[in-house]
Amino acid sequence: MRDDEYELIRSKRKSLSIEIRADGRIIVRVPMRIPLEEVREFVNSKESWIRTHQKIARERAEALKADERSRLSREKIRELAEKALLVIPDRVAYYAEKMGVTYGSITIRNQRTRWGSCSAKGNLNFNCLLMLAPPGVLDGVVVHELCHRIEMNHSKKFYEEVLRVYPEYRKSEKWLKENGRALLRRMTG
Ligand SMILES: [Zn+2]
């Protein structure tokens, strides 16, 4: 093995030891005055063991990272829903006043398909995953749903109203188009 493939730590100890860290790094601990040749010999004699365990550690680290990207724990989803209940009603109230529209109840949902909805009676639903998107995205969804209080469709007139209230709307729409699907996939259950 090359010298730069492992970290060498000299200390007041009598034996040599090898540790494979969770991220696959190799730590070799050796006595203070042992010659480098002896260290190399020791490391090389353990090479196949090192390679095997390094591979296992790296694969496990990769799997953990992939898991973080994909599924959110139920606990985390609960936290997001609680945060959404604090944040979203404020944004809705702010834009509703600005637009001069009324609305019914606000419900936070854990959904894998949509970001928000507005019923004919004006009841609003929002996905708690919006808490993981940039703040401007939440505002875009809030304005979109509130504009359905004026236009219950996605006509040209509807989008004109959306853009009038929230000129950054296209940016938030673009973010959802590019990242929304991956975010929705993280929903558990
Ligand atoms: Zn809509």
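Parameters and conventions
Residues numbered from 1 in each chain as written. Predicted model: local features only at pLDDT ≥ 70, side-chain atom pairs only at ≥ 80, totals over all residues. Helix = DSSP H or I, 4+ residues; strand = E, 2+ residues; numbered from the N terminus. Rg over C-alpha atoms; globule rule 2.2 N^0.38 Å. Buried ≥ 20, exposed ≤ 12 C-beta atoms within 10 Å, placed from the backbone. Contact = placed C-beta atoms within 7 Å. Pairing = 2+ DSSP bridges. Axes fitted to C-alpha atoms, helices over the stretch in contact; angles between N-to-C directions. Expected span 1.5 Å × (residues − 1). Parallel < 35°, antiparallel > 145°, perpendicular 65-115°, else oblique. Left-handed = near helix turned anticlockwise from the far one by under 90°. Nonpolar A, V, L, I, M, F, W, Y, C, P; charged D, E, K, R; others polar.

## Observations regarding the overall build of the protein chain
- Counting its secondary structure elements, the protein chain contains 6 helices and 6 strands.
- Reading the helices (α) and strands (β) of the protein chain from amino to carboxyl end gives β-β-β-α-α-α-β-β-β-α-α-α.
- Here the C-alpha atoms of the protein chain give a radius of gyration of 27 Å, more than 25% beyond the 16 Å that 2.2 N^0.38 yields for 189 residues.
- Each of the three principal axes of the protein chain carries a C-alpha extent, and together these read 80 × 30 × 25 Å.
- Here the protein chain holds 189 residues, and the buried ones make up 19% of them.
- Nonlocal contacts in the protein chain, meaning residues at least 24 apart in sequence, comprise 56% of its contacts between residues at least 6 apart.

## With respect to the sheet that holds strand β5 (residues 116-118)
- Spatial strand order, β4-β6-β5: 3 strands in an open sheet with mixed pairing. The sheet terminates laterally at β4 (106-109) and β5, the two strands that pair on one side only. With direction set aside, neighbouring strand axes in the sheet form an average angle of 15 degrees.
- Across 3 bridges, the pairing between β5 and strand β6 (residues 124-127) is antiparallel. Bridging from a neighbouring strand, Gly116 pairs with Phe126 of β6.
- Across the sheet, helix α4 (residues 135-147) touches β5 and β6, and the angle it forms with β5 is around 20 degrees.

## Focus on the pairing of strand β3 (residues 26-31)
- Pairing geometry for strand β1 (residues 7-11) and β3, over 5 bridges, is parallel. Counterpart to Ile9 in the pairing with β3 is Arg29.
- In the sheet, strand β2 (residues 17-20) pairs with β3 via 4 bridges, with the strands oriented antiparallel. The residue bridging Ile18 from the neighbouring strand is Val28, located in β3.

## Points about the environment of Glu7
- Along the chain, the position of Glu7 falls in strand β1.
- The spatial distance from the C-alpha of Glu7 to the C-alpha of Ile26 is 6.1 Å, given a sequence separation of 19 residues.

## Some thoughts on α4
- Counted at 1.5 Å a residue, the expected span for α4 with its 13 residues is 18 Å, and the 19 Å between its end C-alpha atoms agrees.
- For α4, the buried fraction is high: 10 of the 13 residues fall into the buried class.
- Lining the buried residues of α4 we find α3 (74-99), β5, β6, α5 (156-165) and α6 (169-184).

## What to know about the sheet that holds β3
- Here 3 strands make up an open sheet; going across it, the order is β1-β3-β2 and the pairing mixed. The open sheet has two edge strands with one neighbour each: β1 and β2. The mean inter-strand angle of the sheet, taken between neighbouring strand axes irrespective of direction, is 20 degrees.

## What to know about the packing of α3 against α4
- At a minimum axis distance of 10 Å, the contact between α3 and α4 shows a crossing angle of 50 degrees. Of the possible angle classes, the one that applies to α3 and α4 is oblique. Both α3 and α4 take part in a crossing whose hand is right-handed. Of the residues in α4, those in contact with Arg91, Val92, Tyr95, Ala96 and Met99 of α3 are Leu138, Asp139, Val142, Val143 and Leu146.
- Residues that form the contact of α3 with α4 fall into these classes: 8 nonpolar, no polar and 2 charged.

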